[in-house]
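This is what each chain is made of:
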Amino acid sequence: MGIKMKLNKKEIIFTSVVGLVTLITLYLLLRLNVLPMKYCIPLIILLIVICGVLIYTQIKNKSTKIGKVLIVLVSILLLFGDYAMYKGNGTLRKISNQKEGYAIVSVIVKSDNEAEDLKGLKGQRLGYSDTGETTYVYRALSDVKKEISDDVSLISYKSMNTFSEDFYDNKVDALLSDESTRATIEDEHPDFSRKTKVIAQFEYKIEEEDLSKNVKVTNVPFNVYITGIDTYGEISTTGRSDVNMIATINPKTKQILLTSIPRDYYIEQTCQGNQKDKLTHTGFFGVGCTLTSVENFFGIELNYYARVNFSSLEKIVNALGGVTISNPHDFSAGGFHFEEGDIQLNGAQALAFSRERYSFVDGDFERGRDQMRVLTAIINKITSPAIITNYSSVLDAIADTFQTNMNEDEIKAIINMQLDDMAGWKIKQISVSGTGGSDWTPANGFNAYVAYPDMDSVHEAVEMMRKIEKNEIIE
């Protein structure tokens, strides 16, 4: 049995292919830091051995056909792995580099209005709100004037109620509305979107400053603010912050404390001159406003944020193959019935479960608890071995529907830590409470329902966060 000293053209091609693909895989493993070293080193050795054996089959006198088949199969598998690593790294970079949002201002008319664009408003009356945050409304107003000049009558409103009622009473023909105003109108008129149409829309970029307070996430406790905006589609769109939680994470003790904050909590807001308003309204001004307002109110430091919307929750839960939660109450919402006990939820069900509040005596407070139940189920599924089979679909789900200021290296460090020990996490859920009432809401421009904070519950929550940070075990 001799060894060929000279390879023919086919053998050169096959040995080159398997050698090149193996080198690419080794480079990506080392460059992207996608696996802990205890897995990475044995895998590198295994790949080098396999590549050597396959190349050896091409310089032997026999078994060259079998070797070529094996080279093709191994190369295809490695290329799939390379694609998954590259795609995963790209997704992590994308979600950690989104530092801007978009404010949307729309021109809205009734469905039976003949206008299909701005020019169709000639001779009609356009109303706009001159209360609350008006920065982007004024910018849109300027753009409208540029396009249709003096062909439309502009009517300013200081009262949000009058603004919407005049539209319904046909005293104005069209509305110039940002998303906060639109959401407020829909609270009073649930059929608003169904009975209207948008004939023009303006998008304005909101630059977000870097508010991260970086720590060594695998060794030092840190706080992540989870904010869920009430919109579908692109995560960059601003909207009300309807989900508000603080996740206090201790990587050493493997504990997570989830603290739910009611959306209507009446607190001072940094983006409104420290006037008091509902917490949910901070979302209209961008995530920076939400973070700084909550930091000031609780007297804590929020290291990072995670921002999701309706689309995020549905996609993530579906990508995980559904989640199981322990439901303490029997109720119906969103076209689904949720029985008491352990139940399995798909994406649409998880969203309906998380949004319902009218079925409960505690209203929004119980909704906050349900949101934590869903989030806990997601965390448990993501940190279990089951994530391995759903890895690619989960990345697809979060690519455009999840936003964080945690950088790429920090996210990888957490993933590697979890893969390294596959340890379970102890998750505790608490809520701050309050008392319902009515008060002035600057973003609305009128009195609305608010939740006055129970400061005893706030102090208890902060004390619990401090215990987690001090490595105390919370049962």
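Residues numbered from 1 in each chain as written. Predicted model: local features only at pLDDT ≥ 70, side-chain atom pairs only at ≥ 80, totals over all residues. Heavy atoms only, no water.

Q: What's the story with the overall build of the protein in this structure? I'm lost.
A: The number of helices and strands found in the protein is 13 helices and 19 strands. Along the first, second and third principal axes, the C-alpha atoms of the protein reach 95 × 60 × 40 Å. Excluding contacts between residues fewer than 6 apart, the proportion of contacts in the protein whose partners are at least 24 apart in sequence is 71%. For the protein, the exposed surface amounts to about 22,300 Å²; the carbon and sulfur share of it is 55%. (Helix = DSSP H or I, 4+ residues; strand = E, 2+ residues; numbered from the N terminus. Contact = heavy atoms within 4.5 Å. Areas by Shrake-Rupley, 256 points an atom, 1.4 Å probe, with all protein chains shown as cover.)

Q: How should I be thinking about the packing of aromatic side chains in this particular structure?
A: Inspection of the entire model under this criterion finds 14 aromatic pairs. Summarising the aromatic geometry, the rings of Phe331 and Phe360 are spaced 4.9 Å apart at their centres and angled 75 degrees between planes, so their arrangement reads as edge-to-face. Of this pair, Phe331 sits in strand 13 (residues 331–333) while Phe360 sits in the loop between helix 9 (347–355) and helix 10 (364–382); the two residues are 29 residues apart in sequence, bridging distant segments of the chain. For the residue pair Phe331 and Phe360, the accessibility class agrees, reading buried in each case. Here Phe336 and Phe338 contribute two aromatic rings whose centre-to-centre distance is 6.3 Å and whose plane-to-plane angle is 50 degrees, an arrangement assigned as tilted. (Phe/Tyr/Trp six-rings, centres within 6.5 Å; stacked < 30°, edge-to-face > 60°. Buried < 20%, exposed > 50% of the residue type's maximum accessible area, 1.4 Å probe, protein only.)

Q: Please clarify how the sheet that holds strand 8 (residues 255–260) should be interpreted in this entry.
A: Strands in a sheet are paired, the pairing made by backbone hydrogen bonds, and the direction either parallel or antiparallel. Taken together, the six strands give an open sheet; going across it, the order is 16-11-6-7-8-17, and neighbouring strands pair in mixed fashion. Each edge of the sheet is formed by a strand with only one pairing partner; in this case those strands are strand 16 (402–404) and strand 17 (426–431). On average, adjacent strands in this sheet sit at an angle of 20 degrees to one another, irrespective of strand direction. As paired strands, strand 6 (residues 222–229) and strand 7 (residues 241–250) are joined by eight bridges and run antiparallel to one another. Looking at strand 7, one finds that Ile226 is bridged to Met245. Along the sheet face, helix 10 touches strand 6, strand 7, strand 8 and strand 17 and points at about 170 degrees away from the line of strand 17. (Pairing = 2+ DSSP bridges. Axes fitted to C-alpha atoms, helices over the stretch in contact; angles between N-to-C directions.)

Q: Help me understand the side chain of Gln272 in this model?
A: Here Gln272 shows up in the loop between strand 9 (266–269) and strand 10 (275–278). Under the relative-accessibility criterion, Gln272 is labelled buried at 9%.

Q: Please explain the pairing of strand 4 (residues 174–178) as it appears in this structure.
A: Each regular strand carries side chains that alternate between the two faces of the sheet. Counting buried residues in strand 4 gives five out of five residues, a clear majority hidden from the surface. Residues Ala174, Leu176 and Asp178 of strand 4 are buried on one face, and the alternating residues Leu175 and Ser177, pointing to the opposite face, are buried as well. Direction of pairing for strand 2 (residues 125–129) relative to strand 4: parallel, over a ladder of three bridges. Its bridge partner lying in strand 4, Tyr128 is registered against Leu176.

Q: How should I be thinking about helix 2 (residues 37–59) in this particular structure?
A: Side chains three or four residues apart in an α-helix point the same way, a direct result of the helix having 3.6 residues per turn. Over its 23 residues, helix 2 extends 33 Å from the first C-alpha to the last, a length consistent with the 33 Å expected when each residue adds 1.5 Å. Those residues of helix 2 not exposed but buried are Cys40, Ile44, Leu47, Cys51, Leu54, Thr57 and Gln58. (Expected span 1.5 Å × (residues − 1).)

Q: What is the right way to read the pattern of salt bridges from this model?
A: Between side chains of opposite charge, pairing is possible as soon as their charged atoms come close. Inspection of every chain in the model, using the stated rule, returns 19 salt bridges. The salt bridge involving Asp191 is made with Lys195; its shortest N-O contact spans 3.1 Å. For Asp191, a relative accessible area of 17% corresponds to the buried category. Ionic pairing is found between Asp421 and Lys254, a salt bridge with its closest N-O pair at 3.1 Å. In this pair, Asp421 sits in helix 12 (residues 408–421) while Lys254 sits in the loop between strand 7 and strand 8, placing the two residues 167 residues apart along the sequence. Residue class for Asp421 comes out partly exposed when judged on its relative accessible area of 39%. (Salt bridge = Lys/Arg side-chain N within 4 Å of Asp/Glu carboxyl O.)

Q: Before we go on, may I ask you to explain the nonpolar core in this structure?
A: As a rule of thumb, nonpolar side chains are buried together in soluble globular proteins. Core analysis: the biggest nonpolar cluster contains 45 residues, and Val224, Phe338, Leu345, Phe353 and Ile378 have the highest contact counts within it. Sort the elements by how many residues they give to this core and helix 10 lands first, with six residues. Every residue in contact with Ile378, bar those within four places of it in the chain, is listed here: Leu313, Ile316, Val317, Leu320 and Val323. Within the second largest apolar cluster, 26 residues are counted, among which are Ile300, Leu302, Tyr305 and Ala451. (Core = buried A, V, L, I, M, F, W, Y, C linked by side-chain atoms within 4.5 Å.)

Q: Would you mind going over helix 12 with me for this structure?
A: Compared with an ideal rise of 1.5 Å per residue, which puts 14 residues at 20 Å, helix 12 spans 21 Å between its outermost C-alpha atoms and is within 8% of the ideal. Within helix 12, the full set of buried residues consists of Glu408, Glu410, Ile411, Lys412, Asn416, Met417 and Gln418. Structurally, the start of helix 12 carries an N-cap: the backbone nitrogen of Asp409 is 3.1 Å from a side-chain oxygen of Asn407. The first or second residue beyond helix 12 is Met422, which carries a positive phi of 45 degrees. (Polar contact = N/O pair within 3.5 Å; in protein donor to acceptor, adjacent residues only side chain to side chain.)

Q: What is the right way to look at the state of the cysteines in this model?
A: Every disulfide links exactly two cysteines, by a covalent bond between their sulfur atoms. Scanning the entire structure with this criterion turns up one disulfide. In this model, Cys271 is linked to Cys289 through a disulfide, with the two sulfur atoms separated by 1.8 Å. Of this pair, Cys271 sits in the loop between strand 9 and strand 10 while Cys289 sits in helix 7 (residues 287–298); the two residues are 18 residues apart in sequence, bridging distant segments of the chain. Classification of Cys271 as partly exposed rests on a relative accessible area of 25%. With a relative accessible area of 5%, Cys289 lands in the buried category. No disulfide involves Cys40; its sulfur sits 16 Å from the nearest other cysteine sulfur, which is in Cys51. (Disulfide = S-S within 2.5 Å.)

Q: Explain a nonpolar patch on the surface here, please?
A: Residues Met37, Ile41, Ile45, Val49 and Val53 make up a contiguous nonpolar surface patch of about 460 Å² in total accessible area. The residue Met37 is located in helix 2 in this model. (Patch = residues over 30% accessible without salt bridge, like charges linked within 9 Å, V, L, I, M, F, W, Y side chains within 5 Å.)

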